[in-house]
Every structure is written in C-alpha cells, then in structure tokens.
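# A structural walkthrough
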Amino acid sequence: IINPMRGFGSDLSNNLLLRFNPLQPSLEYKVINNNFIPNFAGGNFFSGAAVTQQGLFMISRNDRVLMKIDTATGASFPIGVTAASGINFNGMTYDASTDKIFAVATSGVNNQLYEINRISGAATLLGNITGIPSSITFVSLSADNSGQLYALRLSGTVTSPLYSIDKNTRAATLIGNTGFLSSFAQGADVDPLTNTLYHFGVTSPLGSGGGSFSGKGLWILDKTTGAATLKGSIAEPFNAIDALAFA
C-alpha cells in the first residue's frame, strides 16, 4: 500500500521535517521532527532533497554537507562535504532513469550542474549551465520519470519561468512562465507515482512589483507550458518549505 503522505519537506519557518499528501497538503500532513536542524540558522538550511533506493538525502546550502535523513524520526547523519567553499547549492533531485543524484548550485555569477555521490557526498562539477543570463538564479531542480531535468528561476519583479536542462550538455531551454513572482528559498520535485511536477513557492502576484512575497504554497507546474496551478499550503499557512521530495 502506497502511503498517501509521500511528500517530504523542510519547513524553514518553524524548523520542522514534514511529510504530506500532495493532493490535500494543508489537511493531511505529519510533523516528523519539530527541531529538525540543530542550532538552526537562517543562512544555512537544507536547500535540496533526493529520495533514492537508499533513502532520503538532503543537502545544506552554505556548508555544503550531504545528509542522510531518517524519515521515521527526522534524525540526520552526515555523509560528507560535497564541494569547496564559495559554492551554494540551491536544488537537488534523484534521476531514477540514471540512478544518479543531480544538483544545481551558484558559484559567483554561474549556475552549475553537479552530480552528487550518495556514498561519499562528493560533488562532481558537470559544467556551467548555458542558455541563460548570468544574472539569474535557478532555485530548484527536479527530474521526471524519463530523466528530464527542470529548474525554476527566481524572478524578483518579473514572472518566474520554468526551464528544462539537458543533463548531458547543461543547456537550459525556456519552457514558459509560471504566472507568479518568486523570491527566497523554495523547492520542487516530481512525484514519481503521477509524474507531476510540484513546486513550493514563496510568491507575489504578477504586477505587484514583488513586495513582501507573502504567498507561500504548493503549486503544480505544467511541464509543457510552465503554467502554475495552486494546490494550497503545506501544513500550517505562511510557512516556507524547501528540500521538497517525493517517495
């Protein structure tokens, strides 16, 4: 029997590890750990997650450590430091078609694609992502059941678009606009049961100029057009979720 609460996420507002049902995320959820990141600091948080056959892994943004997460208790176990200082990881995903973990990171003005070794934690740079201006930031990474990678661009005052990424060439291709503005930490993943791309966004409406980015909710992103459909909050309203992953 498949557990309907097959989504996982790190609640940055309340330092929680959550699991939830993506079909009704505000109603059907469970707090696994209410002190998820010991000595939690706003600048260092889990910015990406990947569910593999070996379990749930998360990566911390600033100190770049790959962690194995116990999904029953929320206890975290360090695997290893992934990369040198100056690299900030913004998203991570498991590609079942290649049995590999991929991650996006920023280094200076470059968005980069990495492969993450789940045994040692080592990150191998595959190259800079091309086809995008150097001024933008990819804030999430997802892989669908065919192995296609997707990433969302932070927008600020312009609409936040969805891109596809060729993991062999590192070329990014614009798919389309989501219809919202986005800022701050957020995460995405594809539910392997339905092949649906979900994104937790910190958003503002189009035309608002950005403002407070007070919208916080789970969206479905159309992988063909980029258009976003709101599903609702995950657990409590107005929290912020990153390191989104589905089992």
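Notes on the structure in this doc start here. From a predicted model like this one, the values you see are computed outputs, not experimental measurements.

Let us look at unusual backbone geometry. Residue arginine 170 is not a glycine yet carries a positive backbone phi of 65 degrees. Assignment of secondary structure puts arginine 170 in the loop between β14 (161-165) and β15 (172-177). Positive phi, close to 70 degrees, is recorded for phenylalanine 184, a residue that is not glycine. Positionally, phenylalanine 184 belongs in the loop between β16 (180-182) and β17 (187-191). Using a relative accessible area of 51% as the deciding quantity, one classes phenylalanine 184 as exposed.

Inspection of the secondary structure assignment puts alanine 235 in the loop between β20 (228-232) and β21 (241-246). The exposure class assigned to alanine 235 is buried, which follows from its relative accessible area of 7%. Sequence separation between alanine 235 and lysine 223 is 12 residues; the distance between their C-alpha atoms is 25 Å. In this structure, alanine 235 is in contact with Leu18, Pro25, Ser26 and Tyr29, ignoring residues within four places of it in sequence.

Right, let's talk about the sheet that holds strand β1 (residues 7-11) for a bit. In space, the 4 strands of this open sheet follow the order β3-β2-β1-β21, with antiparallel pairing throughout. Strand pairing shows two members of the sheet lacking a second neighbour, β3 (29-33) and β21, which therefore form its edges. Each adjacent strand pair in this sheet contributes to an overall mean axis angle of 25 degrees, direction not counted. Pairing of strand β2 (residues 16-20) with β3, which is carried by 4 bridges, proceeds in the antiparallel orientation. Directly across from leucine 18, in β3, lies its bridge partner valine 31.

Turning our attention to the pairing of strand β4 (residues 46-52). Most of β4 is tucked away, with 7 of its 7 residues classed as buried. Where β4 meets strand β5 (residues 55-60), 6 bridges bridge the pair, whose relative direction is antiparallel. Looking at β5, one finds that glycine 48 is bridged to isoleucine 59. Connecting the antiparallel pair β4 and β5 is a turn made up of 2 residues.

Thresholds applied
Residues numbered from 1 in each chain as written. Predicted model: local features only at pLDDT ≥ 70, side-chain atom pairs only at ≥ 80, totals over all residues. Heavy atoms only, no water. Helix = DSSP H or I, 4+ residues; strand = E, 2+ residues; numbered from the N terminus. Buried < 20%, exposed > 50% of the residue type's maximum accessible area, 1.4 Å probe, protein only. Contact = heavy atoms within 4.5 Å. Pairing = 2+ DSSP bridges. Axes fitted to C-alpha atoms, helices over the stretch in contact; angles between N-to-C directions.

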